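# Results of the structural survey
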Amino acid sequence: MACQSATASGDRRAAMAAPDGEVSALLAEARALAGYDDFGDLTFLEPLAMLLRCVRADGNLSQSGEATFRRNVLRCLVNRLWTQRDFSAHPEIFEEDVDDPIVIIGLPRSGTTKMQRLLSALPDEDVQRTPLWRMLYPAPFEGTRADDSTRRIAAVASIGFHSDGNADLAAAHHMAAQEPEEDVLLFDATFDDWLWPSIYAPSVQYYEWVIQRPRMDNYRYLKRMYQYLQWQDGGRRGRRWISKNVQHIASLEELLRCFPKATIVQCHRDPRVSIPSLAKLTHTLWSALVNDPDPHFVGACMLDWWARATDSYLETRDRLGDELQIIDLPYDRIKSDAAGAAIAVAEAAGIPMSAEKAALLRGWEAANPQHKHGRNDYSADQFGLDEEAIGERFTTYIDRFVTQGRGA
């Protein structure tokens, strides 16, 4: 068959590009695990091969980090196979309307998670959610129905993708299988996103390669995945997606081309606070992958990577001007009255509100106070950072969007 011939040819090219035929071996193992052999579109092979090359060159993974990295690569490959299985069998998936999500963006550590989880507390008839298990395992397991989440939820625990037992991670970013999480995780199966060096394999070589890449194909892929998830859940039925992805700030135009009716909510916090906080979180994540990661190296990476993303954001926002419909949300407002902010966002997005719905949001806020899972202590100098240098790198952003104190 032509499909098998193209797949074999692509596998050979990838095997030549990656060390020791590693790509071909991973593809074969994924096919065996999935019980299915058609990957469909093979454009992911080049970035996968590059990712492997770069991680071997400078990832410096520990033994446990290497096992985690390989497990995530295989998880993504199996997801691609099972996703393609359903795309081939059900072309009606691509008729699903997902054009108008409510999308939370902002620099990391700026209140984006709180806003996403608050809005996700709205009733089932109003919203669709992105729990961690759906982001890591968007495709139903072989032999299970689309509405059977049991094995996918259990699989999250089996790969250790949660904050249980890690006090630093829980304090900074609590993670649980059924808790709403960033849709950036849906990009992982493209192997073509800076998600990989951010949380799976800290390779600067790969970051520098991937950050120069065109992003439009990734966003088309993201839209297909939302259509796929919505199809699994019985279709739109009048519900809006509540999503969050801090990396969208580097790709606003691509986001809006694929989701043209999106309501964008931008959380703003002073980078002189948020960047050191991010460095603490990233150091915690990388410590599970690399032996004794250098805190100053982590701080330098986070400052550089997110300053570059912010530069892209500012350029796009200036260029598109009134074409962009963004609700700007200061961190101080999130900190003082997050439920009130969420109610205003929902109303602006056209979700009918009522006293009962407002009570749901205020109940969620009361049940999830700041520091519920521990205090996230950090300082800039821990990570070789200082407020003046961060302020200089983010001067334009701070002048335009940081209007009240810096928050804590």
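These remarks concern the structure in this document. (Residues numbered from 1 in each chain as written. Predicted model: local features only at pLDDT ≥ 70, side-chain atom pairs only at ≥ 80, totals over all residues. Heavy atoms only, no water.)

## Examining the layout of surface pockets
Computed from the structure, the second largest pocket encloses a volume of approximately 310 Å³. Around the second largest pocket, the lining comprises 18 residues; the ones closest to its centre are Ile211, Arg215, Ala250, Ser251 and Ser312. For the lining of the second largest pocket, the residue count by class is seven nonpolar, five polar and six charged. (1 Å grid on protein atoms, 1.4 Å probe; cavity = no way out; pocket = protein on both sides within 12 Å on 5 of 7 lines; lining within 4 Å. Points joined across faces, edges and corners; volume = space filled by probe spheres on them. Nonpolar A, V, L, I, M, F, W, Y, C, P; charged D, E, K, R; others polar.)

## Some points on empty space enclosed by the protein
The method is simple in principle: a probe with the dimensions of a water molecule rolls over the atoms, and the space it marks as empty is what remains. One pass over the structure, following the stated rule, counts two cavities of 30 Å³ or more. Its volume calculated, the second largest cavity comes out at about 40 Å³. Every residue lining the second largest cavity is listed: Arg75, Asn79, Met135, Leu136, Pro138, Leu185, Leu186, Asp188, Ala189, Tyr221 and Met225. At the level of elements, α4 (63-89), α6 (132-136) and α11 (216-232) are the ones that each hand at least two residues to the lining of the second largest cavity. Class assignment for the residues of the lining of the second largest cavity results in eight nonpolar, one polar and two charged. (Helix = DSSP H or I, 4+ residues; strand = E, 2+ residues; numbered from the N terminus.)

## Examining the nonpolar core
By size, the foremost hydrophobic cluster in this structure holds 104 residues, and its most contacted members are Leu77 and Trp306. With eleven residues, helix α14 (residues 295-320) is the largest single contributor of residues to this core. Residues Leu119, Ala338, Ile343 and Trp364 belong to the second largest nonpolar core, which totals 24 residues. (Core = buried A, V, L, I, M, F, W, Y, C linked by side-chain atoms within 4.5 Å. Buried < 20%, exposed > 50% of the residue type's maximum accessible area, 1.4 Å probe, protein only.)

## Considering unusual backbone geometry
In this structure, Asn60 takes a positive phi of about 50° despite not being glycine. Of note, Asn60 is situated in the loop between α3 (45-58) and α4. Residue classification places Asn60 among the exposed positions, given a relative accessible area of 56%.

## Observations concerning the state of the cysteines
The tally for this structure, following the rule as stated, stands at zero disulfides. The structure places no disulfide on Cys258, whose sulfur is separated from the nearest cysteine sulfur, that of Cys76, by 20 Å. (Disulfide = S-S within 2.5 Å.)

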